[in-house]
Structure formats: C-alpha cells, structure tokens
Amino acid sequence: METLDQGFLRVDQADQVTRTAFIRKTYEHVAGAVLAFIGVEALLLNIPGIEKMVVLMTSGYAWLIVLGLFMFATNYAEKLALSSHDKQQQYIGLGLYIVAEAVIFVPLMYIAMMYSSPSVINQAAVITLALFTGLSAVVLTTGKDFSFLRSAITIGSIIALGLIVAGILFGFNMGLWFSVGMVVLAAGSILYQTSNMVHKYSTDQHVAAALGLFASLMLLFWYIIQILMSRD
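Model, not experiment: these values are computed from the prediction.

Criteria and thresholds
Residues numbered from 1 in each chain as written. Predicted model: local features only at pLDDT ≥ 70, side-chain atom pairs only at ≥ 80, totals over all residues. Heavy atoms only, no water. Helix = DSSP H or I, 4+ residues; strand = E, 2+ residues; numbered from the N terminus. Expected span 1.5 Å × (residues − 1). Buried < 20%, exposed > 50% of the residue type's maximum accessible area, 1.4 Å probe, protein only. Phe/Tyr/Trp six-rings, centres within 6.5 Å; stacked < 30°, edge-to-face > 60°. Bend = angle between axes of the 7 residues up to and from the residue. Axes fitted to C-alpha atoms, helices over the stretch in contact; angles between N-to-C directions. Parallel < 35°, antiparallel > 145°, perpendicular 65-115°, else oblique. Left-handed = near helix turned anticlockwise from the far one by under 90°. Contact = heavy atoms within 4.5 Å. Nonpolar A, V, L, I, M, F, W, Y, C, P; charged D, E, K, R; others polar. Patch = residues over 30% accessible without salt bridge, like charges linked within 9 Å, V, L, I, M, F, W, Y side chains within 5 Å. Areas by Shrake-Rupley, 256 points an atom, 1.4 Å probe, with all protein chains shown as cover. Salt bridge = Lys/Arg side-chain N within 4 Å of Asp/Glu carboxyl O. pLDDT = per-residue confidence, 0-100. Core = buried A, V, L, I, M, F, W, Y, C linked by side-chain atoms within 4.5 Å.

(A) Helix 5 (residues 120-142), seen in detail. An ideal rise of 1.5 Å per residue puts 33 Å on 23 residues; helix 5 measures up with 33 Å between its terminal C-alpha atoms. Within helix 5, the full set of buried residues consists of Val120, Ile121, Ala124, Thr128, Phe132, Leu135, Ser136 and Val139. Once helix 5 ends, the next one or two residues include Gly143, with phi positive near 70°.

(B) Fine view of the packing of aromatic side chains. Inspection of every chain in the model, using the stated rule, returns nine aromatic pairs. Ring centres of Phe105 and Trp222 lie 5.0 Å apart, and the angle between their planes is 80°; this geometry places the pair in the edge-to-face category. In this pair, Phe105 sits in helix 4 (residues 87-115) while Trp222 sits in helix 8 (residues 206-229), placing the two residues 117 residues apart along the sequence. In this pair, the class of Phe105 matches that of Trp222, namely buried.

(C) Inspection of helix 4 at higher detail. The terminal C-alpha atoms of helix 4 lie 42 Å apart, and with 29 residues this matches the ideal 42 Å at 1.5 Å per residue to within 8%. The sharpest bend along helix 4 measures roughly 45° and falls at Val106, with the proline Pro107 sitting one to four residues further on.

(D) Main features of the packing of helix 1 (residues 16-45) against helix 4. In contact at an axis separation of 8 Å, helix 1 and helix 4 are set at 50° when each is read in the N-to-C sense. Between helix 1 and helix 4, the crossing angle belongs to the class labelled oblique. The way helix 1 lies across helix 4 gives a crossing that is right-handed. From helix 1, His29, Ala33, Ala36, Phe37, Val40, Glu41, Leu44 and Leu45 reach across to helix 4, where they touch Tyr91, Leu94, Ile98, Glu101, Ala102, Val103, Phe105, Val106, Met109, Tyr110 and Met113. When the residues that make up the contact of helix 1 with helix 4 are grouped by side-chain class, the tally is 16 nonpolar, one polar and two charged.

(E) Inspection of a nonpolar patch on the surface at higher detail. There is a patch of nonpolar side chains on the surface, built from Tyr61, Leu169, Phe170 and Phe172 and spanning about 470 Å² of accessible area. Relative to the helices and strands, Phe172 is located in the loop between helix 6 (150-170) and helix 7 (176-199).

(F) Geometry of the confidence of the model for the protein chain. When pLDDT is averaged along the protein chain, the result is 89, and 95% of the positions lie at 70 or above. Taken as a whole, residues 1-5 scores under 50 in pLDDT and shows twelve contacts with residues more than four places along the chain or in a different chain.

(G) Region of the structure containing the pattern of salt bridges. Taken as a whole and assessed by the stated rule, the structure comprises one salt bridge. Between Arg24 and Glu28 there is a salt bridge, and its shortest N-O distance comes to 3.1 Å. Of this pair, Arg24 and Glu28 both sit in helix 1, four residues apart, roughly one helical turn. A relative accessible area of 45% places Arg24 in the partly exposed class.

(H) How the structure looks around the nonpolar core. In this structure, Trp63, Ile104, Phe105, Phe221 and Ile225 are the most contacted members of the largest nonpolar core, which totals 70 residues. Where this core is concerned, the elements lending two or more residues are helix 1, helix 2 (50-58), helix 3 (62-82), helix 4, helix 5, helix 6, helix 7 and helix 8. Of all the elements, helix 8 adds the most residues to this core, at 18 residues. Non-local contacts of Ile225, meaning those with residues more than four positions away in its chain, are made with Phe105, Leu108, Met109, Ala112, Val120 and Ala124.

(I) Structural view of the packing of helix 1 against helix 8. Where helix 1 meets helix 8, the closest approach of the two axes is 8 Å, and the angle between their N-to-C directions is 50°. With respect to each other, helix 1 and helix 8 are oriented oblique. The two elements helix 1 and helix 8 meet at a crossing, and its hand is right-handed. Residues Phe22, Lys25, Thr26, Tyr27, His29, Val30, Ala33, Val34 and Phe37 of helix 1 touch helix 8, and the partners they reach there are His206, Val207, Ala209, Ala210, Leu213, Phe214, Leu217 and Met218. Class assignment for the residues of the contact of helix 1 with helix 8 results in 13 nonpolar, three polar and one charged.

Right, dumping it as structure tokens:
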C-alpha cells in the first residue's frame, strides 16, 4: 500500500470501511460549508446600507479588485487546507474560503433578490444540488479517475478569467452562452474534484477534499443563477 508523508494512507489504498468513512465525512463537511455560507450570506445581505456596498463593489474597476482579493483569499485558503495535515489549519482554510465566497456572492444575490424573480435563488439551488449529486454519483459508482480533466479545467479557467477581465475593462456583457460554458466547466470541475477525493487525498484530509468540492459547487451555483436571471 502507498503511504503519503507522515505515514498517512491514500484513500484509494485504504480498506472499504476507511474509504466509506472518509467520503461520508467529506460530504458532511460540504453540507456544513453550504450551511455556513447561507448563514454568512444572510448576515451580509442584512447589513444596513448593503445596497451601497453592492454599488461600490460593482462600480468601474472595483469588481477587478474584488476578484483579485477573492483569488488571493482562495489561494491562501487552499494552501492552508492542502499543505498541512493539521486539522486546525485545514478548518481555517475552509472557513476563510466560505467567507470569501459569501462576500463575492453579495452583489449577485442582492440583484437576484431585488431585480429578478424571487424564486430564482431557490430554483438555482435545486438545479445545482441535482447536478452536483448526479455528477458525484457518476464518479463514486464507476470509480473512474477523472484526473485527465485537470489540463482542460486549467485552460478553461484561464480563458474564462481573461474574458471576465476583458468584459470589465471594455464594458461588454459575456452573455448567456458564456454562462452555459461556465456551467460545463463547473461540471467538469465537480467530476475532477470528486475523483480527487478518492484518488488524491490521504485519509485525514476530508476537510481539504470538502473545500475542493465546495468551490466547484459554488461555481456551478453562480452561473446557474446567471442563466436563470437571463430569462427575466
């Protein structure tokens, strides 16, 4: 059997009981992260004068700064979660990422609630959960290793980021098809992260695995909201 640093066993090399326990704990943490996100998001959206914050975040080049800060927070959170077998560090990383996601979601959630159909967020949540469950089931039932998607996801993410930055700088809207493309990218990311959960992590890294899955879930949720809003 292959062991990782500090003697920890890789999940796919562990016995069935250990693998099952790891997967269960990972999805429990994903669910916990979602609930924490909902709580933090609710607090942020109920801050007095939140509409001014939304305008400030999305005015001019401010959104570029917000995206830059989000990327910095994301990289730091992932570093904390992935580079250490220390549970405390992993939880700090996951917590930081949840807060970062809640902050960057503020403008989208506010606009969806104020200027779109009240049911958009609930519809997006149901669709996101259904897709996430289905994609996860594909990996877990087939046992297929989707690590080959890494290059495509990396290239797609770079292209998407470039288009987003260009859209902000030159003032053009990405449109519906960009959102559809990002949903496809998010779906690939879910397959990849679910595969990583089984084939990459050691048996003590369920928090880090949960962070990767949560990140992909939130990316999917973001663009499904965008697609549903485009109908109004």
